[in-house]
Amino acid sequence: MDLIKAIIIAIIEGLTEYLPISSTAHMGFTANLMGLPEDEFLKMFQVSIQFGAILSVVAAYWKKFFDLKNLQFYFKLGFAVIPALVLGYLLDDKIEAILGNQIAISLVLVIGGVVLLFADQWFKNPKIDDEKGITIKKAITIGFWQCLAMMPGTSRSAASIIGGMTQGLTRKAAAEFSFFLAVPTMLAVTVYSVFVKTWGKETPNPQKGYEMIMSSQDHITIFIVGNVVAFIVALIAIKAFIGVLNKYGFKPWGWYRIFVGLALLIYFYWFK
């Protein structure tokens, strides 16, 4: 994978990580359309650039993350992330097996889009408009909802935002807590993928046959640039998403998912 293609994937990650449209699906489709081989480095890169997107949330809400007087905030995130850590570890092999099934992921995009079309009608009377109103119990419940995103194409953001709305949160409060919850969740996923699963493995190299992942200057450069690009783009996307969500609700994202999902189903079924 060259640097230009890596930057394209990083832009896709930054744009989609916090939107309810599945960053995993979009990165996978983009890599497929660019003809990139599904080697170990590509898999690691698609996970590791989420670190840049994670930092964008910390930067956007730095007062919240560094408010040491509000220990309840950290406890809520700590309890909320437990379901994803446990189930993610137990189901890791099954999740990875689905990642290569583009038709299945396209179907999930469509189904998720239909759900988003009706989400605003299902939760009409929210009562909690701030993170401080979220109890530990509600945080854990949202954490279990987030686990639905282990099915590629679902969207971690969509699952956790809808989970928050089931607990009486407004769209804005649910979206922001989804952003906050992404930090420990995706940090754990990144560390596990890069340092536990991938570090030290080999990936094909056209000139050398095989080389150790992250052993070459090219790999290190791609890793760093990808995270920087994902950080910048995600920082812009977060603010834009909150504005669109408050004004238009979930329907634009639902229609987008349905349109893209159907287009990709046609592409992968008939042309691949």
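This text gives an overview of the structure that appears in the document. Just so it is clear, the model here is predicted, and its values are computed rather than measured. (Residues numbered from 1 in each chain as written. Predicted model: local features only at pLDDT ≥ 70, side-chain atom pairs only at ≥ 80, totals over all residues. Heavy atoms only, no water.)

Considering the overall build of the protein
Across its full length, the protein holds 13 helices and two strands. Relative to the compact-globule value of 19 Å for 272 residues, the protein shows a C-alpha radius of gyration of 18 Å, a close match. Each of the three principal axes of the protein carries a C-alpha extent, and together these read 60 × 45 × 35 Å. Expressed as a percentage of the 272 residues in the protein, the buried residues total 50%. Counting contacts in the protein only where the partners sit at least 6 residues apart, residues at least 24 apart contribute 79% of the total. (Helix = DSSP H or I, 4+ residues; strand = E, 2+ residues; numbered from the N terminus. Rg over C-alpha atoms; globule rule 2.2 N^0.38 Å. Buried < 20%, exposed > 50% of the residue type's maximum accessible area, 1.4 Å probe, protein only. Contact = heavy atoms within 4.5 Å.)

Focus on the nonpolar core
With 41 residues, the main nonpolar core has Val57, Tyr61, Phe65, Phe177 and Phe179 as its most contacted residues. Those elements that provide at least two residues to this core are α4 (50-60), α6 (71-90), α8 (102-122), α9 (136-146), α10 (156-166), α11 (171-198) and α12 (217-248). The dominant element in this core, judged by the number of residues it contributes, is α11, at ten residues. Contacts of Phe177, omitting those with residues within four sequence positions, involve Leu77, Ala80, Glu131, Ile134, Ala139, Ile142 and Leu169. (Core = buried A, V, L, I, M, F, W, Y, C linked by side-chain atoms within 4.5 Å.)

A word on a nonpolar patch on the surface
A cluster of nonpolar side chains, contributed by Leu71, Phe75, Phe79, Ile82, Leu85, Val86, Leu87, Tyr89, Leu90, Leu91 and Phe144, occupies part of the molecular surface with about 1100 Å² of accessible area. Among the structural elements, Phe144 can be located in helix α9. (Patch = residues over 30% accessible without salt bridge, like charges linked within 9 Å, V, L, I, M, F, W, Y side chains within 5 Å. Areas by Shrake-Rupley, 256 points an atom, 1.4 Å probe, with all protein chains shown as cover. Salt bridge = Lys/Arg side-chain N within 4 Å of Asp/Glu carboxyl O.)

What about the packing of helix α1 (residues 3-16) against α12?
At a minimum axis separation of 7 Å, α1 and α12 run at an interaxial angle of 30°. One finds that α1 runs roughly parallel with respect to α12. Considering how the two elements wind past one another, α1 and α12 form a crossing that is right-handed. Contact residues: α1 offers Leu3, Ala6, Ile7, Ala10, Ile11, Glu13, Gly14 and Leu15, while α12 offers Ile222, Val225, Gly226, Val229, Ala230, Val233, Ala234 and Ala237. (Axes fitted to C-alpha atoms, helices over the stretch in contact; angles between N-to-C directions. Parallel < 35°, antiparallel > 145°, perpendicular 65-115°, else oblique. Left-handed = near helix turned anticlockwise from the far one by under 90°.)

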